[in-house]
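# Descriptive structure summary
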Amino acid sequence: SWEKAKQKEHHVYTYKQEVELMRPQINKLKRKIDLYGNTTQLTIRNQKRGMLDKRMLHRIPTGRMDLFKATVTNEDKPLDVCLLVDESGSMGMYTMNKARQAAIALKEALSDNPMLNLWVFGHTADEHERGMTEMYEYSSPSMQDRPMAMGGMRAKYENRDGNAIIASTMRVKSESYTPHAQKLLIMLSDGEPSADLYRGDISYSHTAKCVKYAESRGWNVIQVGFAGARKYSMEKMFTNWVYIEDTDKLGDEVSKIIRKVIKV
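Below you will find a few notes about this structure.

Rules used in this analysis
- Residues numbered from 1 in each chain as written.
- Predicted model: local features only at pLDDT ≥ 70, side-chain atom pairs only at ≥ 80, totals over all residues.
- Heavy atoms only, no water.
- Pairing = 2+ DSSP bridges.
- Helix = DSSP H or I, 4+ residues; strand = E, 2+ residues; numbered from the N terminus.
- Axes fitted to C-alpha atoms, helices over the stretch in contact; angles between N-to-C directions.
- Contact = heavy atoms within 4.5 Å.
- Parallel < 35°, antiparallel > 145°, perpendicular 65-115°, else oblique.
- Core = buried A, V, L, I, M, F, W, Y, C linked by side-chain atoms within 4.5 Å.
- Buried < 20%, exposed > 50% of the residue type's maximum accessible area, 1.4 Å probe, protein only.
- Expected span 1.5 Å × (residues − 1).
- Arc of directions from axis to C-beta.
- Salt bridge = Lys/Arg side-chain N within 4 Å of Asp/Glu carboxyl O.

### Description of the sheet that holds strand E7 (residues 133-139)
Taken together, the 7 strands give an open sheet; going across it, the order is E1-E7-E6-E5-E8-E9-E10, and neighbouring strands pair in mixed fashion. Two strands lie at the open edges of the sheet, namely strand E1 (2-4) and strand E10 (240-243), each paired on one side alone. Averaged over neighbouring strand pairs, the angle between their axes works out to 25 degrees when direction is ignored. Bridging between strand E8 (residues 182-189) and strand E9 (residues 219-225) involves 7 bridges; their strand directions are parallel. Bridge assignment links Met187 to a residue of E9, and that residue is Gln223. Running at roughly 140 degrees to E9, helix H5 (residues 200-216) makes contact with E9 and E10 of the sheet.

Printed below as a string of structure tokens:
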């Protein structure tokens, strides 16, 4: 099921407080991953046609014919980014606070770039109906009327990570207006899927299959793990993952893995 998150007064207060708390990491992320939409020009010299290269004029008497230059413009592809936040009960207050702060920092760092399309979702499960994965939309290109709704992210009930990953990628695909854009999903969680009939190895196996399926459809998937996340379970489910011990390291660690995964 899908639901648009509400933006209440105390959500706005929380959002603003956490933006200020995370300001150093937001600025660091902006510096390190604001790489998309940059236009670079390369000049190729010694060409036999093109624009006359003034640097080569002195070689005309020698009979040289490669007196021209060509200019090539390279522009980064647009990027669709989805932040997916685990809002299960196991996140608790401490881990949920860290994940929310990290998600807000990433949103603030990325949202000003016109070459990025950004979606922010949260997910829980079995809260209103057994077997149901519940998805919450906090921000998207089509939902700009409640920019601080993420201040209301909280630990709720259970979580089916595999279902949430597939639901998110399908939602982005249906709304993206740049079909050839690179696609990046960043999942923020404690690394432990747990729901009715969805625990332990069953949940690890299903989540891993869903990650592979998303990757086969052109998605780059990264898990950002917080308190409670274990290398053992992250390795079982995700090709690319990073554990953040402290949000003061968010800018360095997350920018590093993003650059590695999407090869920029």
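Structure shown, so let's carry the discussion forward.
### Focus: the packing of helix H1 (residues 9-21) against helix H2 (residues 23-33)
With their axes 4 Å apart at the nearest point, H1 and H2 run at an angle of 65 degrees to one another. By the angle between their directions, the pair H1 and H2 is classed as roughly perpendicular. Here Val19, Glu20 and Leu21 of H1 come into contact with H2, specifically with Arg23, Pro24 and Ile26.

### Details of the nonpolar core
Judged by nonpolar contacts, the single largest core of 43 residues is most densely connected at Leu29, Tyr138, Met150, Leu188, Val224, Val254 and Ile258. Ranked by residue count, the leading element in this core is helix H3 (residues 92-110), at 9 residues. If we skip the residues at most four places from it in the chain, Leu188 touches Leu84, Val85, Asp86, Ala99, Ala102, Ala103, Leu106, Val224 and Phe226. Ranked by size, the runner-up nonpolar core spans 18 residues in total, among them Leu84, Ala167, Leu185 and Val221.

### As for the side chain of Gln101
Inspection of the secondary structure assignment puts Gln101 in helix H3. Residue classification places Gln101 among the buried positions, given a relative accessible area of 9%. For Gln101, the residues in contact, after removing those within four places along its chain, are Glu18, Leu21, Met22 and Thr247.

### A few points about H5
Here H5 contains 17 residues, and its C-alpha end-to-end distance of 25 Å stays within 8% of the 24 Å for a straight helix at 1.5 Å per residue. Ser203, Tyr204, Thr207, Ala208, Cys210, Val211 and Ala214 are the residues of H5 that are buried. With its buried residues spanning 165 degrees around the axis, H5 presents them on a single face. Opposite the buried face of H5, by more than 90 degrees, sit the exposed residues Asp201, Ile202, Lys209 and Lys212. Contacts made by the buried residues of H5 are with helix H4 (161-175), E9 and helix H6 (231-237). Once H5 finishes, Gly218 follows within two positions and takes phi at roughly 95 degrees, a positive value.

### A closer look at the pattern of salt bridges
Under the counting rule described, the total for this entry stands at 15 salt bridges. Among the salt bridges present, the one from Lys28 reaches Asp252, with a minimum N-O distance of 3.4 Å. Remark: Asp252 occurs in helix H7 (residues 250-261) and Lys28 occurs in helix H2; sequence separation between them is 224 residues. Note on Asp252: relative accessible area 29%, which makes it partly exposed. Here Arg130 ties to Asp196 by a salt bridge, and the two come within 2.6 Å at their closest N and O atoms. Remark: Asp196 occurs in the loop between E8 and H5 and Arg130 occurs in the loop between strand E6 (116-125) and E7; sequence separation between them is 66 residues. Given a relative accessible area of 22%, Asp196 falls into the partly exposed group. In this structure, a network of salt bridges that share partners links the residues Lys4, Glu137, Arg171 and Glu175.

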